[in-house]
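Spelled out from the first residue to the last, the chains are:
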Amino acid sequence: NDDAAAGSEGTSGDVAANSGCDAGEQVIKFSHVTNTDKHPKGIAANLLQERVNEEMNGRMCMEVYPNSMLYDDDKVLEAMLLGDVQMAAPSLSKFENYTTKLRIFNFPFLFDNIDAVDRFQASPAGQDLLNSMSDKGLKGLSFWHSGMKQLSADKPLLVPADARGLKFRVENSDVLVAVFDQLGANPQKMSFKEVYGALQTGVVDGQENSWSNIYGQKFFEVQDGITNTDHGVLDYMVVTSSRWWDGLDEQDRADLTRILKEVSQERNAAVNDLEAEARAAIEATGTVVRELTPEQREQWVTALRPVWERFTPDVGAATVKAAQDANK
Ligand code: LMR
């Protein structure tokens, strides 16, 4: 698989390096939806591909398909259960059909920052969540970070009332629908690849996402600035099908586990810098980034707090407590 390994190192790389698997190598298709250049998930997936193809050459061969070129997040998990793709890293908001436990990650203003998210995910309560879909045949292997979410629309957003009546694109999560309902806004679930066009044509007025997605998808071009809200988290679970995973040769499974752990640690540690770079790149285009005063921020926190109560039964009070404890 030397070609595949070489391809993954290329920087032009939005096309999967998918032609280099040798006969006899077990192919691992890894499908995701973001860009690859300067994106936390894009970089992590390419690094995983590079290392698997170098260190497991002759045994396994990973092919990464970015940019929704193979599946979007609505389809990828079904495809995984059918055996058409072996790995993916959908955002934690995309598992609604498989578990309600991951809704914890969409509670507004729960985590202070990505370091708190990291501590929660490393805790026993967080690690348990990797197994929350085992009854559905999905196995969580690792968490990957993207970043804290920022808010934007076609008008300035400084207090909750500014969002009233506006249409916002949300990921496929009932918690996120509740968040925007709570603001008196109109949430619309929509797949990632459709968001730019929907913002551009006014199908929706606004959106929420990490700096790297707002930059990578150029959402800032079709919005009236971005408000630095850090009101939620956009993070990923690297998943596979339990059936495929359990069927692997023991040594292959051990090597994959080790490589994925090392890649996750390395790339998660780099995410704050990458997000800061994406924000700086957005500001360098002349896009306005608005900061909230403590009073304005408190208004958003207060307005959205009822969402916690509504979804706590889905995730369990102990999990909410563990997540809050991770802030210290
Ligand atoms: C989104 O749909 O906005 C994100 O989940 C995309 C991603 O994978 O970062």
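Under an unreviewed UniProt entry, the name given to the protein chain is DctP family TRAP transporter solute-binding subunit, and the source organism is Qipengyuania gelatinilytica. In its Sequence similarities (unreviewed entry) section, the UniProt record describing the protein chain reads: "Belongs to the bacterial solute-binding protein 7 family."

Student: Please give an account of the overall build of the protein chain that cites residues and values.
Tutor: Scanning the protein chain for helices and strands turns up 14 helices and nine strands. In summary, the protein chain has a C-alpha radius of gyration of 19 Å against a globular reference of 20 Å for 328 residues, a match within 12%. In terms of its C-alpha atoms, the protein chain occupies a principal-axis envelope of roughly 60 × 45 × 35 Å. Looking at the protein chain as a whole, 48% of its 328 residues qualify as buried.

Student: Just give me the short version of the site of the ligand, but keep the residues and values in it.
Tutor: Surveying the vicinity of the ligand reveals the residues Val-33, Thr-34, Ser-91, Ser-146, Glu-171, Phe-192, Asn-209, Asn-213 and Leu-234. By residue class, the composition of the shell around the ligand is three nonpolar, five polar and one charged.

Student: Run through the environment of Ile-282, naming residues and quoting values.
Tutor: Note on placement: Ile-282 falls in helix H11 (residues 271–284). A residue is classified by how many C-beta atoms lie within 10 Å of it, and Ile-282, with 23 of them, is buried. Beyond its immediate sequence surroundings of up to four residues, Ile-282 is in contact with Trp-211, Ile-214, Tyr-215, Phe-220, Ile-226, Thr-287 and Val-289.

Student: Could you give me a rundown of unusual backbone geometry, with the residues and numbers involved?
Tutor: Of note, Asn-67 is a non-glycine position whose phi angle comes to about 55 degrees, a positive value. With respect to the helices, strands and loops of the structure, Asn-67 is situated in the loop between strand E2 (60–65) and helix H3 (76–81). A positive phi is found at Lys-218, a non-glycine position, where the angle reads about 60 degrees. Within the fold, Lys-218 resides in the loop between helix H8 (211–216) and strand E8 (226–241).

Student: Give me the packing of helix H2 (residues 40–55) against helix H10 (residues 250–269): which residues, what numbers.
Tutor: It is at 10 Å that the axes of H2 and H10 come closest, and there the two elements cross at 145 degrees. Between H2 and H10 lies a crossing of right-handed hand. Residues Pro-40, Ile-43, Ala-44, Leu-47, Leu-48, Arg-51, Val-52 and Glu-55 of H2 form the contact with H10, whose participating residues are Asp-255, Leu-256, Ile-259, Leu-260, Val-263 and Arg-267. Among the residues forming the contact of H2 with H10, the class breakdown is 10 nonpolar, no polar and four charged.

Student: Can you tell me about the pairing of strand E5 (residues 167–170), naming the residues and giving the values?
Tutor: Across four bridges, the pairing between E5 and strand E6 (residues 186–189) is parallel. Bridge pairing in E6 places Lys-167 opposite Asn-186. Note that the unit made of E5, helix H6 (residues 174–182) and E6 has a crossover that is right-handed.

Student: Break down the environment of Leu-234 for me, with residues and values.
Tutor: Here Leu-234 shows up in strand E8. A count of 27 C-beta atoms within 10 Å places Leu-234 in the buried class. C-alpha of Leu-234 to C-alpha of Ala-116: the two residues are 118 residues apart in sequence and 13 Å apart in space. In contact with Leu-234, not counting residues within four places along its chain, are Ser-91, Ser-146, Gly-147, Lys-149, Asn-209, Ser-210 and Asn-213.

Student: Lay out the confidence of the model for the protein chain with the relevant residues and their values.
Tutor: Taken as a whole, the protein chain shows an average pLDDT of 94; of its residues, 94% reach a score of 70 or greater. Across residues 1–17, confidence stays below pLDDT 50; counting only partners more than four residues off in sequence or on other chains, it has 41 contacts. Among the scores for the predicted complex, ipTM is 0.99 and pTM is 0.93.

Student: Hey, could you go over H6 for me, with residue numbers and the actual values?
Tutor: Buried residues of H6: Val-175, Leu-176, Ala-178, Val-179 and Phe-180, and no others. Buried residues in H6 make contact with E5, E6, helix H12 (294–304) and helix H13 (306–315). Where H6 ends, the next residue or the one after it, Gly-184, has phi of about 75 degrees, a positive value.

Student: Before we move on, could you go through the packing of H6 against H13 and cite the residues and values that matter?
Tutor: The geometry of H6 relative to H13 is characterised by a closest axis approach of 10 Å and an angle of 155 degrees between their N-to-C directions. Taken together, the axes of H6 and H13 are roughly antiparallel relative to one another. Crossing hand, H6 versus H13: right-handed. Residues Val-175, Ala-178, Val-179 and Gln-182 of H6 lie in contact with H13, whose contacting residues are Pro-306, Val-307, Arg-310 and Phe-311. Along the lines of polarity and charge, the residues of the contact of H6 with H13 split into six nonpolar, one polar and one charged.

Student: Describe the nonpolar core, with residues and values.
Tutor: Counting residues in each nonpolar core, the largest one holds 84 residues, and the members touching the most others are Phe-30, Leu-48, Val-52, Met-62, Ala-88 and Val-238. With seven residues, E8 is the largest single contributor of residues to this core. Beyond its immediate sequence surroundings of up to four residues, Val-238 is in contact with Met-87, Ala-89, Leu-141, Ser-142, Trp-144 and Leu-260.

Thresholds, definitions, all that
Residues numbered from 1 in each chain as written. Predicted model: local features only at pLDDT ≥ 70, side-chain atom pairs only at ≥ 80, totals over all residues. UniProt positions renumbered as here; feature names shortened; annotations may be inferred. Helix = DSSP H or I, 4+ residues; strand = E, 2+ residues; numbered from the N terminus. Rg over C-alpha atoms; globule rule 2.2 N^0.38 Å. Buried ≥ 20, exposed ≤ 12 C-beta atoms within 10 Å, placed from the backbone. Near = placed C-beta within 6 Å. Nonpolar A, V, L, I, M, F, W, Y, C, P; charged D, E, K, R; others polar. Contact = placed C-beta atoms within 7 Å. Axes fitted to C-alpha atoms, helices over the stretch in contact; angles between N-to-C directions. Left-handed = near helix turned anticlockwise from the far one by under 90°. Pairing = 2+ DSSP bridges. Right-handed = clockwise from strand over helix to strand, strands pointing away. pLDDT = per-residue confidence, 0-100. Parallel < 35°, antiparallel > 145°, perpendicular 65-115°, else oblique. Core = buried A, V, L, I, M, F, W, Y, C linked by C-beta atoms within 7 Å.

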